[in-house]
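Residue-level listing of the chains:
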Amino acid sequence: MSFQDFTKLDVWLSTMALTNSIYNITKEFPNSEQFGLANQMRRCAVSIPSNIAEGCGRNRNKGKMAFFYISRGSLFELETQLYITLNQNFIDENFFNEIVENLQTSKKLLNGFINYFKKLDDGK
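Residues numbered from 1 in each chain as written. Predicted model: local features only at pLDDT ≥ 70, side-chain atom pairs only at ≥ 80, totals over all residues. Heavy atoms only, no water.

**As for the overall build of the chain**
A count of helices and strands for the chain gives 4 helices and 0 strands. From first element to last, N terminus to C terminus, the chain shows the α and β order α-α-α-α. For 124 residues, the compact-globule formula gives about 14 Å, and the C-alpha radius of gyration of the chain, at 15 Å, lands near that figure. Once the C-alpha set of the chain is aligned to its principal axes, its extents read approximately 50 × 25 × 20 Å. Counting over 124 residues, the chain shows a buried share of 42%. Residue pairs in contact within the chain that sit at least 24 positions apart in sequence constitute 67% of those at least 6 positions apart. Summing over all exposed atoms, the chain offers an accessible surface of approximately 7100 Å²; the carbon and sulfur share of this is 50%. (Helix = DSSP H or I, 4+ residues; strand = E, 2+ residues; numbered from the N terminus. Rg over C-alpha atoms; globule rule 2.2 N^0.38 Å. Buried < 20%, exposed > 50% of the residue type's maximum accessible area, 1.4 Å probe, protein only. Contact = heavy atoms within 4.5 Å. Areas by Shrake-Rupley, 256 points an atom, 1.4 Å probe, with all protein chains shown as cover.)

If you want it as structure tokens, here you go:
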């Protein structure tokens, strides 16, 4: 498979599902948070699959890896924001657990993707 066809990658599909979940939960946030935490979470979530896509479009592995690492960092940032959301009672614990499970799956897939490219570099 060509990595330029990123829309078929499990890691991209998983992070797109996560992004959709974030958009759905943030619609229910209080109005006072629409330009605060809700906006920050949406921007963070959008950056995850976007950076995977951008990395796939790069020619060199070093360029690809930079975007994959940014995406991974955004997953950790989003996880923190989800805990804040739970602590502020903007989301119930069951839905929180469901989203965090998707987030953990996305982390595992992205780490595997990064490790694949690391091995390619090591093989040079």
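**Concerning the nonpolar core**
The biggest cluster of nonpolar side chains holds 31 residues, and the ones touching the most others in it are Leu 78 and Leu 82. For this core, the elements supplying multiple residues, two or more each, are helix H1 (10–26), helix H2 (37–56), helix H3 (61–87) and helix H4 (93–122). Per element, the largest residue contribution to this core is 9 residues, and it comes from H2. Once residues within four sequence positions are removed from consideration, Leu 78 is found in contact with Leu 18, Ile 22, Met 41, Cys 44, Ala 45, Ile 48 and Leu 103. (Core = buried A, V, L, I, M, F, W, Y, C linked by side-chain atoms within 4.5 Å.)

**Here's the deal with the packing of aromatic side chains**
Between two aromatic rings, the relevant description is the distance of the centres plus the angle of the planes. On inspection of all chains with the given rule, the structure shows 7 aromatic pairs. Their ring planes at 70° and their centres at 5.0 Å tell us that Tyr 83 and Phe 96 sit as a pair that is edge-to-face. You can see Tyr 83 sitting in helix H3 and its partner Phe 96 sitting in helix H4, a full 13 residues away along the chain. Overall, Tyr 83 belongs to the partly exposed group, its relative accessible area being 39%. Judged by its relative accessible area of 4%, Phe 96 is buried. Look at Phe 113 and Phe 117: their rings are 5.2 Å apart centre to centre, the planes differ by 80°, and that puts the pair in the edge-to-face class. Taken as a pair, Phe 113 and Phe 117 lie in helix H4 at a separation of 4 residues, close to a single helical turn. Note on Phe 113: relative accessible area 9%, which makes it buried. Among the aromatic residues, ring-to-ring pairing joins Phe 68, Phe 113, Tyr 116 and Phe 117 into one connected group. Taking NZ or CZ as reference, Lys 107 lies 3.9 Å from the ring centre of Phe 76, over its face. (Phe/Tyr/Trp six-rings, centres within 6.5 Å; stacked < 30°, edge-to-face > 60°. Lys NZ or Arg CZ within 6 Å of the ring centre and 35° of its normal.)

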